[in-house]
Amino acid sequence: MLGAGTAALAVTAPPAAAATTPHRVLFDNSKAETAGNADWIIGTSQPDPLGQKANPTAEKDWTGALSAWGVALQKTGDYSLKTLPSGNTITYGTSSALDLQNFDTFVLPEPNVLLSASEKTAVMKFVQNGGGLFMISDHTDADRNNDGADAVEVLNDLMTNNSVDSTDPFGFSIDSLNIGTDNPRAVSSTTDPVLNGSFGKVTGSIIRNGTTATLKPADNPAVKGLVYRTGSSGNTGAFFATSTFGSGRVAFWGDSSPIDDGTGQSGNTLYDGWNDPAGTDAALALNGTEWLAGAAGSGSGGNGGTCTAAQLLAAPGFESGTSAWSGTSGVITNDSGEAARTGTYKAWLNGYGSARTDTLSQSVTIPAGCTSAKLSFYLHVDTAETTTTTAYDTLKAQVVNGSGTVLSTLATYSNLNAASGYTQRTFDLGAYAGQTVTVKFTGTEGSQLQTSFVIDDTALDVS
């Protein structure tokens, strides 16, 4: 960097106390979820299922094929449940009480109507900004309302035809299949929070006319299959899969039969997959909701762990040495060419006016019980570039795993972000609770005209 004199860088819910802030879950009923024999609602009292019975103890206390799911969550005292009734629109960022910004998790249980352009934007923004999305499909050609779209098409359209990110954002696509009967098994894991959540151990599920997904980890390395069709593994035949997008989480299930509790509104032909002994479907649905809501370990203190409010990054202001950080020699410096925000040391990436890549990173473990994890840092960008349209020099803020695989690119800054002083940047890392990840900054400079990316006063606050 210019003028640098640098220092070297070296199915039953367990008893639980009610959470202070319940985890908020919205079940969709705006996309023909009760068409034909389907009855994918937690209760007929909508939007608030408590209107039917305020203290349910059994699935029939609420009326709907998903009532067992809803009642099990309600009984923990840790969840606040609502339904988006038929005739409503999915929104994000409005004043509506049923707007997605008021919820932690959104459940789409076999939607049979294509989402509008604005609804797809709402869902994708919700996930990108930290929400949990539970997508439940059914087999191809299960068009229950005969409008030309089945759940496979609706969900694939959401992922491939939206204004936020249509480049395979979740890392999987849903297969156009109708698998008659199978009993898929879970992968072997003692640590995955969905397979080992506080609602029980997941060993497998059931397919009674359903489909699977094809995983594409090259597009999103966070995607992983948890339950596979018999004879399948790896990137094909995933019956239950999870992923992340932005700061949020995503779960996919390939059939609605496992969530059907066999009871519902009169006139519907239903099947009790919730209690089918061939699978552990109740645990899978409930643990999946727990993980999506960032609720692992809340209340019951189960396998999800606990959380003590803390700031996790070592040497967050760079004043106490360089041993906590890894990266390019000389990045952590007290050189007077760029001022620190506080103290005398900061991280100064690039600024040489020649082709160069600088990195700065720190590994950190986010406790599984933490429902909030906020990464913040102050950034100053100084440049000699004169363009107002071309990003010649860039800084990427990313989350990577232990192998260096990028889990999420939080933001990309460039010479176009140059300004006087420091600006605080904040990102939600709640999706990585229970994981050890690396916060990484990568600065890349072109061959002419310097751009300096100066970072100070970092933090990763959890609670």
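One numbering rule holds for all chains: residues counted from 1, following each sequence as written. Side-chain atom pairs in this predicted model are given and counted only at pLDDT of 80 or more, local residue features only at pLDDT of at least 70, and totals for whole chains, interfaces and linings cover all residues. Side-chain measures here rest on the full set of heavy atoms in the structure, leaving out hydrogens and waters.

### Observations regarding the pairing of strand S24 (residues 436-445)
Whether a residue is buried, partly exposed or exposed follows from its accessible area with a 1.4 Å probe, protein chains only, as a fraction of its type maximum: under 20%, in between, or over 50%, in that order. The way it works is that DSSP assigns letters per residue, a run of H or I at least four long becomes a helix, a run of E at least two long becomes a strand, and they are numbered from the N terminus. Burial analysis of S24 places seven of its 10 residues in the buried class, which makes it a mostly covered element. The pairing criterion is simple: DSSP has to find at least two bridges between the two strands. In terms of strand pairing, strand S21 (residues 394-400) meets S24 through seven bridges, oriented antiparallel. Paired with Lys396 across the two strands is Thr442, which belongs to S24.

### Looking at the sheet that holds S21
Strand order in the open sheet made by the five strands is S16-S19-S24-S21-S22, with antiparallel pairing throughout. Sheet topology places strand S16 (326-327) and strand S22 (406-414) at the edges, where each strand pairs with a single neighbour. Here S16 runs beside strand S19 (residues 356-365); their pairing, made up of two bridges, is antiparallel. Within the sheet, the bridge partner assigned to Ser326 lies in S19 and is Ser361.

### Considering the packing of aromatic side chains
Aromatic contacts are taken between Phe, Tyr and Trp rings whose centres are within 6.5 Å, Trp giving its six-membered ring; a plane angle under 30 degrees counts as stacked, one over 60 as edge-to-face, and the others as tilted. Applying the stated criterion to the full structure yields 13 aromatic pairs. Seen in terms of ring centroids, Phe318 and Trp325 are 5.2 Å apart; in terms of plane orientation they differ by 45°. Their pairing is tilted. Comparing Phe318 with Trp325 shows no difference in burial state: the two are buried. Each member of the aromatic cluster is reached from another via a ring pair, and the members are Phe27, Trp69, Phe134, Phe240, Trp253 and Trp274. A cation over a ring is seen here: Arg341 above Tyr378, with NZ or CZ 3.6 Å from the ring centre. As a reminder, the over-ring test applies to NZ of lysine and CZ of arginine, requiring each to be within 6 Å of the ring centre and within 35 degrees of the ring normal.

### What about the environment of Leu100?
Here Leu100 lies in the loop between strand S2 (79-84) and strand S3 (105-109). We call two residues in contact whenever any of their non-hydrogen atoms come within 4.5 Å of each other. With residues up to four places along the chain from it excluded, the contact list for Leu100 reads Leu26, Ile90, Thr91, Tyr92, Phe106, Ala122, Val123 and Phe126.

### Let's talk about the pairing of S3
Where burial is concerned, most of S3 is hidden: five out of the five residues are buried. Of the two faces of S3, the one holding Thr105, Val107 and Pro109 and the one holding Phe106 and Leu108 are both buried throughout. Bridge analysis of strand S1 (residues 23-28) against S3 gives three bridges, and the strand direction is parallel. Counted as the bridge partner of Val25 is Thr105 from S3. Examined bridge by bridge, S3 and strand S4 (residues 132-136) share five bridges and lie parallel to one another. Within S4, the position partnered with Val107 by the bridge is Phe134. You can see the chain leave S3, run along helix H2 (residues 117-128) and come back into S4, and the turn it takes is right-handed. Handedness of a crossover: with both strands directed away from the viewer, a clockwise path from the first strand across the helix to the second marks it as right-handed.

### Comments concerning the side chain of Glu445
Positionally, Glu445 belongs in strand S24. For the buried Glu445, no salt bridge exists, and the shortest N-O distance to an oppositely charged side chain is 6.1 Å, to Arg356. A polar side-chain atom of Glu445 sits 2.9 Å from the main-chain amide nitrogen of Thr451. In this structure Glu445 touches Asn350, Gly351, Tyr352, Gly353, Ser354, Ala355, Arg356, Asp393, Gln450 and Thr451, once residues within four positions along its chain are discounted. Counting rule for charge: Lys and Arg are taken as positive, Asp and Glu as negative, and neither His nor the chain ends is counted. The rule for a salt bridge is simple: a side-chain nitrogen of Lys or Arg has to be within 4 Å of a carboxyl oxygen of Asp or Glu. In protein, a polar contact requires one atom able to donate a hydrogen and another able to accept it; more generally it is a pair of N or O atoms within 3.5 Å, and residues adjacent in sequence count only if both atoms are side-chain atoms.

### What to know about the confidence of the model for the chain
Each residue gets a pLDDT score, which is the predictor's confidence in that residue and runs from 0 to 100. Taken over all residues, the pLDDT of the chain has a mean of 90, while the share at 70 or more is 93%. Here residues 296-305 scores under 50 on pLDDT; set against residues more than four positions off or in separate chains, the count is 25 contacts.

### Looking at the nonpolar core
In this text, buried Ala, Val, Leu, Ile, Met, Phe, Trp, Tyr and Cys residues form a nonpolar core when linked through side-chain atoms within 4.5 Å. Formed by 41 residues in total, the largest nonpolar core has its most connected members in Phe27, Trp69, Leu73, Leu81, Phe134, Phe240 and Trp253. Looking at this core, the elements that each hand over two or more residues are S1, helix H1 (67-76), S2, S4, strand S12 (224-228), strand S13 (238-245), strand S14 (248-253) and helix H4 (281-292). The dominant element in this core, judged by the number of residues it contributes, is H4, at seven residues. Those residues in contact with Trp69 that lie beyond four places of it in its chain are Phe27, Val107, Phe134, Ile136, Ile259, Trp274, Ala285, Leu286 and Thr289.

### Here's the deal with the packing of H1 against H4
Orientation is described by lines fitted to C-alpha atoms, with helices fitted over the stretch in contact, and by angles between N-to-C directions that extend from 0 to 180 degrees. The interhelical angle for the contact between H1 and H4, taken along N-to-C directions, is 55°, at an axis separation of 10 Å. Regarding the angle of H1 to H4, the classification is oblique. The element H1 and its partner H4 pack so that their crossing is right-handed. Contacts between H1 and H4 involve Trp69, Ala72 and Leu73 from the first element and Ala285, Leu286 and Thr289 from the second. Angle categories: roughly parallel below 35 degrees, roughly antiparallel above 145, roughly perpendicular from 65 to 115, and oblique for all the rest. A crossing counts as left-handed when the near helix is turned anticlockwise from the far one by less than a right angle, and as right-handed when that turn is clockwise.

### Some points on H4
Spanning 12 residues, H4 covers 16 Å between terminal C-alpha atoms, matching the ideal 16 Å at 1.5 Å per step. Extensive coverage of H4 is indicated by the burial of 12 of its 12 residues. Those residues of H4 not exposed but buried are Asp281, Ala282, Ala283, Leu284, Ala285, Leu286, Asn287, Gly288, Thr289, Glu290, Trp291 and Leu292. Of the residues trailing H4, Gly294 is marked for its positive phi of about 70°. Helix span, as expected, comes to 1.5 Å for every residue beyond the first.

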